[in-house]
Amino acid sequence: MSAPLTLFPARNLSGAVRPPGDKSISHRYAILSALAEGSSRLEHYSTGADCQSTLACLSALGVEVRREGGGVVHITGRGLHGLAAPAAPLDAGNSGTTIRLLSGILAAQPFASEIFGDASLSRRPMRRVIEPLRLMGAEIAAAAGDRPPLRFSPVSAGLRGLEYAMPVASAQVKSALLLAGLYARGRTVITEPEPTRDHTELMLRQSGIPLELAPRRVALAGPVAGWPGRDFRIPGDASSAAFFLCAGAWYPDSGVLIEEVLLNPTRSALLDLLRRMGARIEIVNLEQRGGELVGSLHVSGPASGRLRGARIAGAETVALIDEIPVLAVLATAAEGGLEFADAAELRVKESDRIAALARNLRSLGAECEERPDGLRVPGPQSLRGGRVETCGDHRIAMAFAVAALRCQEPVTLDDPGCAAISYPEFFAELARLSEG
Ligand code: S3P
């Protein structure tokens, strides 16, 4: 555990910030570059520990990974069939994306492997990815039926394609199955109950792999031929930008510019919601980059100083799943508060985020109602300040650092170091924008 950090209220927020490279895209580009023929240069690769876990696992699979200063990573691809058997179990650290996406690849290899994670990852459900991979012909053993570590047996006969309707909306599962589908004989067709982030699809298509894309459905015919390495500048993390968007929306006179942010429609639902709540957001320098939308965001709160409340459910919950922690904090400033429904997935993230949010909101003096699949946070209500248990969860730590800006008294985070999972520079950047 890291040393506690005490944060103080801020009078206003202003200045420009450039979040680290998007975490979801960094993982995916690293993996696809490792399987490409030839080398790739990835600029603005995420500085978060999760994406470093992915690089470490790829190195252990025989991929040459070279880090240059300034967030540049060079990866020499080994081709789809060139990975080497790892000498030791692969360590995914805290990263659900690493373990689930790599499962799709490890399941298809002619060698045995094992992948494990930290205490939090070891509690997270893996059946959602193991079950469909087994249907494709993979042999996978897991602790307690569906928890890490996962052990993969060599596939001698190869994988076969699968038509699969995912019971849970999960971009990690969809991506794992698409990666396995690259190796499989026949068509892999995946349908999802709600749309989830589509970076894997966009990236595969950009690499020249034919994909059929329809709403909530993707199909791929395997096995695919190789694809070349590519150079790419990774857009800023949409979910890291969310902390500054929500903080900026909380002050009527704030002037925050968040630069070079990923604006993929499956990741930008927060902009629509904050506008619905009355925040003022302007998009500038919009561009298309490798199939992804990127732009910079000017944000300030409503001129009236009063945010409106909202109810978030169904597809909107899926689209906002990583932003709910900071939204639950902002909810205390909204007329009528915010209600989050259909969000049971939050209980199996890096922590049980519903429980962590309810406990910490109460500990800062706010009222809230915890539900099996969500949370209702009434508003407006004032936040007193106090002690926050981050539960080792980066998004809980950063959400309550945003809360600290608007508390009457200081807030102490018990273990702020977990923010480094996605955004090691976060507290310094927030302090830089805060006017005391
Ligand atoms: C991610 C997908 C989401 C999200 C996670 C990152 C990804 O999880 O919560 O932080 O990069 O694919 P699901 O797989 O549950 O959609």
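Residues numbered from 1 in each chain as written. Predicted model: local features only at pLDDT ≥ 70, side-chain atom pairs only at ≥ 80, totals over all residues. Heavy atoms only, no water.

Brief notes about the pattern of salt bridges
We count it as follows: Each reported salt bridge corresponds to a side-chain nitrogen of Lys or Arg within 4 Å of a carboxyl oxygen of Asp or Glu. Per the convention used, a helix needs a DSSP run of H or I reaching at least four residues, while a strand needs a run of E reaching at least two, with both numbered from the N terminus. Think of it in three bands: residues with accessible area under 20% of the maximum for their type are buried, residues over 50% are exposed, and the middle band is partly exposed, with areas taken using a 1.4 Å probe on protein chains only.
In this structure the tally under the stated criterion is 34 salt bridges. Note that Glu212 and Arg217 form a salt bridge whose closest N and O atoms lie 3.8 Å from each other. Taking the shortest distance from any N to any O, the salt bridge between Arg233 and Glu260 comes out at 2.7 Å. Of this pair, Arg233 sits in strand β14 (residues 231-233) while Glu260 sits in strand β15 (residues 255-262); the two residues are 27 residues apart in sequence, bridging distant segments of the chain. Its relative accessible area of 27% is what places Arg233 among the partly exposed residues.

With respect to the site of the ligand
Cut-off, in case you're wondering: Any residue with at least one heavy atom within 4 Å of a molecule or strand is counted as near it. Polar contact is defined as a pair of N or O atoms within 3.5 Å, subject to the rule that within protein one atom must be able to donate a hydrogen and the other to accept it, and that residues adjacent in sequence are counted only when both atoms are side-chain atoms. The Shrake-Rupley method, run with a 1.4 Å probe, gives the accessible areas here. Residue values count only the displayed protein chains as cover. Note that the domain bounds reflect an automated or database-derived domain assignment.
Taken together, Ser24, Arg28, Thr97, Ala169, Ser170, Ala171, Gln172, Arg197, Ile321, Asp322 and Lys349 make up the full set of residues adjacent to the ligand. The separation between an oxygen atom of the ligand and a polar side-chain atom of Ser24 is 2.7 Å. Within the contact set of the ligand, an oxygen atom lies 2.7 Å away from a side-chain nitrogen or oxygen of Ser170. Protein contact buries 94% of the 380 Å² of open area that the ligand shows by itself. Of all elements in the fold, only α1 (23-35) and α5 (171-183) reach the threshold of two or more residues within the shell around the ligand. When residues are assigned to domains, the shell around the ligand turns out to be shared by domain 1 (5-20 + 235-435) and domain 2 (23-232), each giving three or more.

Notes on helix α6 (residues 199-206)
Turn by turn, an α-helix covers 3.6 residues, leaving residues three or four places apart pointing in a common direction. What counts is decided by this rule: By definition in these notes, contact holds between two residues if any of their heavy atoms fall within 4.5 Å.
Within α6, 6 of the 8 residues are buried, which leaves it mostly tucked inside the rest of the structure. Here the buried face of α6 lies against α1, α5, β12 (211-214), β13 (217-222), β15 and β17 (292-300). Phi turns positive one or two residues past the end of α6, at Gly208, with a value near 95°.

Things to note about the sheet that holds strand β21 (residues 374-377)
Just so we agree on the cut-off: A pair of strands counts as paired when DSSP detects no fewer than two bridges linking them. For helices, the fitted axis covers only the stretch in contact; all axes are lines through C-alpha atoms, and the angles between them, taken along N-to-C directions, range from 0 to 180 degrees.
Pairing in this open sheet of 4 strands is mixed, and the strands run β18-β19-β21-β20 from one edge to the other. Each edge of the sheet is formed by a strand with only one pairing partner; in this case those strands are β18 (307-312) and β20 (369-371). With strand direction ignored, the average angle separating the axes of adjacent strands in the sheet is 15°. With 5 bridges connecting them, β18 and strand β19 (residues 334-340) associate as parallel partners. The residue of β19 that forms the bridge with Arg311 is Glu339.

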